[in-house]
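Below, each chain spelled out in residue letters.
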Amino acid sequence: MITALYLAAGNSKRMGEHKLSLPLRNETVGNHGLSVLLTSPFVDYVFVIVQPGDHLNWITPANKLFLNGKKGKVITCDEASLGQSYSLKKGFKAAIEQQAEKILVCLADQPFITHEMIDKIVTTPLLPPYKYVASMHKGVYNPPILFHPSAISDINYLEGDIGARKLLQDGIMHGEKIEFSEEEYFIDIDTKNDYEKVLKRRE
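The structure contained in this document is the topic of the report that follows.

Calculation notes
- Residues numbered from 1 in each chain as written.
- Predicted model: local features only at pLDDT ≥ 70, side-chain atom pairs only at ≥ 80, totals over all residues.
- Heavy atoms only, no water.
- Salt bridge = Lys/Arg side-chain N within 4 Å of Asp/Glu carboxyl O.
- Helix = DSSP H or I, 4+ residues; strand = E, 2+ residues; numbered from the N terminus.
- Buried < 20%, exposed > 50% of the residue type's maximum accessible area, 1.4 Å probe, protein only.
- Phe/Tyr/Trp six-rings, centres within 6.5 Å; stacked < 30°, edge-to-face > 60°.
- Pairing = 2+ DSSP bridges.
- Axes fitted to C-alpha atoms, helices over the stretch in contact; angles between N-to-C directions.

**Comments concerning the pattern of salt bridges**
As enumerated under the stated definition, the model contains 3 salt bridges in all. The partner of Asp-109 in a salt bridge is Lys-19, and the shortest N-O contact between them spans 2.8 Å. Highlighted residues: Asp-109 in the loop between β6 (102–107) and α4 (115–122) and Lys-19 in the loop between β1 (2–8) and β2 (23–24), separated in sequence by 90 residues. For Asp-109, a relative accessible area of 10% gives the class buried. In this structure Lys-19 comes out as buried when scored by relative accessible area, which is 10%.

Structure, rendered in structure tokens:
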């Protein structure tokens, strides 16, 4: 079983408003990547990790139907305000309890991932002693990243607003790497300037 973690519990401090709810391509920023994961033939289940009080108005009704336990579930991370590491650990714990064989970590503010990209990552063999298959652009690690469940022993050491990419950059884990030339895959939307640039690209 391949389980995806869709990290959607950020505080949007730099944006100044809930960025996942912003309109994009007749949907919302947060819904795009979620649609890709929920309709991927290689992803069996999706945990959407949100902060307390998220009204989920950024998720379409169709995707909410998938998240009723059929192919996914929304889980709340009470410590989300302390940083991404807490959402990541919460998601890993849920995936391992579900007996996931591989765990795919994706960011909700990275709306231009595609089925082709996800399929390539999750179908790449992940064999010991390797613990991950990472996507890269111009030699830089970026989510989405596929992990073996044994990576939780390293994930649990993370603190604050530090994601799994730190473990890869520091060489704490070893794994496979896939270089993607498409810059758009790795655009994330953190600020109003980021958002305005994305809207102009789509005109």
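**Description of the packing of aromatic side chains**
Inspection of every chain in the model, using the stated rule, returns 7 aromatic pairs. Relative to Phe-47, the ring of Tyr-45 has its centre 5.2 Å away and its plane inclined at 65 degrees; by these criteria the two rings are edge-to-face. For the pair Tyr-45 and Phe-47, one class covers both residues: buried. Joined through ring pairs, the aromatic side chains of Phe-180, Tyr-185 and Phe-186 make up one cluster.

**A few points about the sheet that holds strand β5 (residues 72–76)**
The strands that make up a sheet are held in pairs by hydrogen bonds between backbone atoms, and each pair lies either parallel or antiparallel. Strand order in the open sheet made by the 7 strands is β5-β4-β1-β6-β8-β7-β9, with mixed pairing throughout. Single-partner strands in this sheet number two, and they are β5 and β9 (175–179). Neighbour-to-neighbour, the strand axes of the sheet open up by a mean angle of 25 degrees, direction not taken into account. Where β6 meets strand β8 (residues 140–147), 3 bridges bridge the pair, whose relative direction is antiparallel. Paired with Val-105 across the strands is Ile-145, a residue of β8.

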